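Structural description and commentary
This is what each chain is made of:
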Amino acid sequence: MADHYFSAEPGSADVRRTVEARIWGKPYTFTTATGVFSRDRLDIGTAVLLREVEPPTGSGTFLDLGCGYGPIACALAVETDATVWAVDVNTRALELTGVNAKAAGVADRVHAVLPDGVPDELRFDAIWSNPAIHIGKPELHKMLLRWLARLAPGGDAWLVVGKNLGGDSLQRWMTDQGYPCERVGSAKGFRVLHATTP
Ligand SMILES: C[S@@+](CC[C@H](N)C(=O)[O-])C[C@H]1O[C@@H](n2cnc3c(N)ncnc32)[C@H](O)[C@@H]1O
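Below is a short write-up of the structure. Values in this document were obtained by computation on a predicted structure and should not be read as measured data.

Taken together, 21 residues sit near the ligand, with Phe-37, Thr-46, Gly-66, Gly-68 and Ala-132 positioned nearest. For the shell around the ligand, the per-class residue count stands at 13 nonpolar, 6 polar and 2 charged.

Among the secondary structure elements, Asp-108 is positioned in the loop between α3 (91-103) and β5 (110-113). Taking the C-alpha atoms as reference points, Asp-108 and Pro-180, 72 residues apart in sequence, are found 33 Å from one another.

Strand direction decides the pairing type here: strand β4 (residues 83-87) and β5, joined by 4 bridges, are parallel. Paired with Val-87 across the two strands is Val-113, which belongs to β5.

Glancing now at the sheet that holds β4. Spatial strand order, β5-β4-β3-β6-β7-β9-β8: 7 strands in an open sheet with mixed pairing. Single-partner strands in this sheet number two, and they are β5 and β8 (181-187). Put simply, the sheet's adjacent strands are angled 15 degrees from each other on average, direction ignored. Where helix α5 (residues 167-176) meets the sheet, it contacts β7 (151-162), β8 and β9 (190-196), and its direction lies at approximately 5 degrees from that of β9.

On to the packing of helix α2 (residues 71-79) against α3. Between α2 and α3, whose axes approach to 9 Å, the crossing angle comes to 30 degrees. Between α2 and α3, the interaxial angle falls into the category roughly parallel. Crossing geometry of α2 relative to α3 is assigned as right-handed. Between α2 and α3, the residues in contact are Ala-73, Cys-74 and Ala-77 and Thr-97, Asn-100 and Ala-101, respectively.

As a further point, take the pairing of strand β6 (residues 124-129). Counting buried residues along β6, 5 of its 6 residues qualify, which places the element largely inside the surrounding structure. Pairing between strand β3 (residues 61-65) and β6: 3 bridges, direction parallel. Note on β6: the bridge partner recorded for Phe-62 is Ala-126. Pairing of β6 with β7 involves 5 bridges; the strand directions are parallel. Residue pairing across strands places Ala-126 opposite Asp-156, the latter belonging to β7.

The rules behind the values
Residues numbered from 1 in each chain as written. Predicted model: local features only at pLDDT ≥ 70, side-chain atom pairs only at ≥ 80, totals over all residues. Near = placed C-beta within 6 Å. Nonpolar A, V, L, I, M, F, W, Y, C, P; charged D, E, K, R; others polar. Helix = DSSP H or I, 4+ residues; strand = E, 2+ residues; numbered from the N terminus. Pairing = 2+ DSSP bridges. Axes fitted to C-alpha atoms, helices over the stretch in contact; angles between N-to-C directions. Contact = placed C-beta atoms within 7 Å. Parallel < 35°, antiparallel > 145°, perpendicular 65-115°, else oblique. Left-handed = near helix turned anticlockwise from the far one by under 90°. Buried ≥ 20, exposed ≤ 12 C-beta atoms within 10 Å, placed from the backbone.

Structure representation (structure tokens):
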């Protein structure tokens, strides 16, 4: 089977490299590897999300849905006192998120786990995601409904989706599902969406 970044356990050699990025004005050096999403640079969609939305402040419990090597989760933890759950189906991505959280000094507040590793009783004050569109609409919708249902009352979801990958229809779908969703940014072919709880 071809080895995609979304393989549960990438079969390719684990060739590591580092990627430099600035997020919310702060410099990061992330370790990435073959078999994970956007291993050569901070993804443009992720960069758009983090540029278009102000960093959160304070504490709370956040979810980075589809964390990859963890740029969103690490930046959220650095900016806040929050606990961040970083979820992915790719075990190499989870390992790298752990490495990157440690390098950023936030390993104590970033929990990189498989989806079923999140305690059932946890509710999130915010979900941040550059979601995995390639899994197809039915799976994407299932994944989003699973985690949106875990938002605390008054919670927010911040998503970035390529316009050509269905950003506008996803906005309508979220609203139809009872999570009023508006477009709060648009750049480089990406839509930044903000959804709230009913
Ligand atoms: C577009 S990438 C974003 C990665 C990272 N957040 C970034 O900005 O570089 C989406 C990620 O979702 C993961 N993924 C795929 N299916 C998933 C699922 N059902 N639950 C959680 N994550 C999933 C993929 O392995 C991939 O790492």
